[in-house]
Amino acid sequence: MRRIRIVSVLYLGLLSLLSAAERPNVINIMVDDMGYSDLMCMGGEIETPHIDSLAKGGILFTNYRTYPKCFPTRDAIMTGMDSPPVRTVEDGITLGEALQPAGYSTYFVGKTHGAVMDNFSIVPERGFERSFGNEDGGNYWDHTLKQTLLDGKPWNTNEPFYKTDVHTDFALKFLQEHEEGKPFFLHLAYHAPHYPIQAKEKDIEKYVGKFMEGPSALRPKRFARMQELGLVPEGMKLSADLAKMNSEWKKLSHEKKEFYDRVMAGYCAMIDNVDQNIGRVLEQLDKMGVRENTVIFFSSDNGGCPEGGKGMWPGHKGSRFGRKYDSKAAFGSKETHWQVGPAWTNYSNTPLRKWKNFCHEGGLSVPFIVNAPSVIKGAGTLSSEPIMVMDVMPTVLDLTGVAYPAKFEGRTIKSMRGVSFASILKGGEADLRRPMHFYYRDSTAYIEYPWKIVTTNNKKFELYNLEKDRSEMHDLAAQQPERMETMMQAMLEYRGMPLDGMNKTDKSK
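Reference entry: report on the structure contained in this document. (Residues numbered from 1 in each chain as written. Predicted model: local features only at pLDDT ≥ 70, side-chain atom pairs only at ≥ 80, totals over all residues. Heavy atoms only, no water.)

### Thoughts on the pattern of salt bridges
Okay, so step 1: All told, the structure shown has 34 salt bridges when counted by the stated rule.
Okay, so step 2: Here Asp 82 makes a salt bridge to Arg 417, at a shortest N to O gap of 3.5 Å. Of this pair, Asp 82 sits in the loop between α3 (70–79) and α4 (88–91) while Arg 417 sits in the loop between β16 (411–412) and α14 (422–425), placing them 335 residues apart in sequence.
Okay, so step 3: A residue is classified by how much of its surface remains accessible, and Asp 82, at 1% relative accessible area, is buried. (Salt bridge = Lys/Arg side-chain N within 4 Å of Asp/Glu carboxyl O. Helix = DSSP H or I, 4+ residues; strand = E, 2+ residues; numbered from the N terminus. Buried < 20%, exposed > 50% of the residue type's maximum accessible area, 1.4 Å probe, protein only.)

### A word on the nonpolar core
Okay, so step 1: Ranked by size, the top nonpolar core spans 80 residues in total, and within it Phe 61 and Phe 421 carry the most contacts.
Okay, so step 2: Residue contributions to this core peak at 6 residues, all from helix α15 (residues 481–495).
Okay, so step 3: The contacts of Phe 421, once residues within four sequence positions are left out, are Phe 61, Phe 297, Phe 368, Val 370, Ile 387, Asp 391, Val 392, Thr 395 and Leu 432. (Core = buried A, V, L, I, M, F, W, Y, C linked by side-chain atoms within 4.5 Å. Contact = heavy atoms within 4.5 Å.)

### Structural notes on the environment of Lys 210
Okay, so step 1: Tracing the backbone shows Lys 210 in the loop between α7 (201–205) and α8 (215–228).
Okay, so step 2: Sequence separation of Lys 210 and Ile 296 is 86 residues, and the distance between their C-alpha atoms is 31 Å.
Okay, so step 3: Other than its neighbours up to four places away in sequence, Lys 210 contacts Leu 218 and Asp 261.

### Thoughts on the sheet that holds strand β3 (residues 105–111)
Okay, so step 1: Taken in spatial order, the 10 strands make up an open sheet running β6-β5-β4-β3-β7-β1-β8-β13-β2-β14, and their pairing is mixed. Strands with a single pairing partner mark the edges of an open sheet, and in this sheet they are β6 (153–155) and β14 (381–383). With direction set aside, neighbouring strand axes in the sheet form an average angle of 15 degrees.
Okay, so step 2: Lying on the sheet, helix α2 (residues 49–56) is in contact with β2 (59–61), β8 (294–300) and β13 (368–371); it crosses β13 at an angle near 70 degrees. (Pairing = 2+ DSSP bridges. Axes fitted to C-alpha atoms, helices over the stretch in contact; angles between N-to-C directions.)

### Section: helix α11 (residues 341–348)
Note that an α-helix has 3.6 residues per turn; residues three or four places apart therefore point the same way.
Okay, so step 1: Burial runs high along α11: 8 of the 8 residues are buried.
Okay, so step 2: Looking at the buried positions of α11, the neighbouring elements they touch are α8, α9 (245–251), α10 (254–288) and β12 (338–339).

### Let's talk about the side chain of Asp 261
Okay, so step 1: Residue position: Asp 261 is located in helix α10.
Okay, so step 2: One buried charge, Asp 261, has no salt-bridge partner; the nearest side chain with opposite charge is Arg 262, at 6.5 Å.
Okay, so step 3: Discounting residues that sit within four places of it in the chain, Asp 261 has contacts with Tyr 207, Val 208, Gly 209, Lys 210, Phe 211 and Met 212. (Lys, Arg positive; Asp, Glu negative; His and termini not counted.)

### Overview of the packing of α8 against α11
The angle between the axes and the distance between the axes are what describe a pair of packed helices.
Okay, so step 1: The geometry of α8 relative to α11 is characterised by a closest axis approach of 9 Å and an angle of 15 degrees between their N-to-C directions. Regarding the angle of α8 to α11, the classification is roughly parallel. Once α8 is placed against α11, the crossing between them reads as right-handed. Packed against α8, whose contacting residues are Pro 215, Leu 218, Arg 219, Arg 222 and Arg 225, the element α11 presents Ala 343, Trp 344, Asn 346, Tyr 347 and Ser 348 at the interface.
Okay, so step 2: The residue makeup of the contact of α8 with α11, split by class, is 5 nonpolar, 2 polar and 3 charged. (Parallel < 35°, antiparallel > 145°, perpendicular 65-115°, else oblique. Left-handed = near helix turned anticlockwise from the far one by under 90°. Nonpolar A, V, L, I, M, F, W, Y, C, P; charged D, E, K, R; others polar.)

Here is the structure:
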C-alpha cells in the first residue's frame, strides 16, 4: 500500500518539465452539496447537456469519494493530502503554489473553505494570481451579505447579480485576459446547489410537476435508469427509504405536495443553471482554440445535503448571517431561505445510504468526470476505480509534468498522500487499492477496498464489502470480528490519534 504512494511522488520528482506548448491547461469545476445521481448522465432528471458532454467525451468515475463535509474536501483537492490528521496549512502546498512557479497562470473563482484557505483574502497568498469569490454561503441574489473579493480586495456592484452567473463572468474574464501561449489552471468552485434554494423562475418552471409522485415512488425509477446506463454493478440493491417516507408523503395535502415539488424544482434549477454556465466556459475554450489541450475535472464537494428540513420535508430558515427571511415571499427569491430536507436528499443520493455529514456512501460518493481530449484513451467510458479526492492534485502534476518539491519557500513540506490516476486516463491501469480514511464529527470511515468500516457515533462500527454491497444494507461486523479488529487497528494507526482526538476539534461551519 505505502509503496504505491512513494513511487507516485518519486515519479513526479523525476519528470522533466514539459514545454509550455506541451503542457495542458487544467480546469477543476466543483459544485456544492449535489446528490450522487442528480445529473442526467447519472440517471437524474436535471437537464445537464454540457456536463453530460464532458462525460461522453471523457471518463465518468462512479466509485469516487470525497469527505462528507465541504472543508476537508476542499483542503484535500487543493493539496493532494488528507484532511486531519495531516493539517495542511503549512504541511503542504496548493495546486496554485505548485503550478505557478512552473509557468502556469493560476485563477481561483467561487468558494473557499477549510484550513488551507479559511477566508478568501488568503487566496492570492496561496498561489493564485487572479481570484474572485468569498469563503462561504450567503445569498445568490445579494452579494453584500458575504463580502466578495476580487484579487484580495472588496468588490461591489450595482448591476443585477446572480452568484453562479457572476462567478462564471469572472472566470471568463480571466480567460479572456489570459496571455496567449501560456498554460493556465482555473479552479472554479460554484456555491450551487448549496442552500438557500434560490433560482431563476424560468429555470424552476422547467422542473415543476416532475416530483409529484414523491421520493419513495421516484427512487426505484431513478435506480432503474442507473441500471440501464450501467452506473451500478450487477446485483446492487436500492438502499431503504427513510422510515415512513412513503406513508407520510401520502398524508400530505395536494397543496403541500405541489409546494414540496416546487422546492425540489428549485434545487434542480440551480444545477441546471450551473450547467448553462459550464457551457459558457466550454464556448470560451473553443474561442481560444485550447479546448483539445485542456483537462477538465468535475465533481461535488460531498453528497446531497439534508440540513434545514422540517422533519423529513423542506424547511425554511427565518434568518442566517444576520439577514431575515420570509417564508411567504416568492419562492426562489432573495427574500426566502428554503432547504430541501432529508426526504428529497434521500432521493438525490439514490441508491446510497445517508448524506452529507455522514461517512456512509451517500455522504462520500459523488459523480466525478474527467475530460481531456488530448490525454484520454477510450472516451465515453465508465470507470469503477476507487478514486479519492486527494488523488486529484498528484494526477494534475503528473499530467502537467510539474515536480512536487521537498521544500517550498524555505520550509520542508510533507509528501502528498494522494495517488496519480493519470495512467487510467491514458488507457492503462493503476493499483489504487490503498487505505482511505474519512471523518466528520462522530462519523468515521476507513476503507481498504473493498472492505469498509463505518460509524455514526465513533462507538459502534459497521462492516461492509463495497463490491458486493455498496448500498451498505448488510452489516458483516458480527460475522467477521477478526476483520473488524484488524481494520480498526489499521485505521487508528493510519490516523495517528484516537477517535476522540480529532473529530471533535474541527472548527467547521
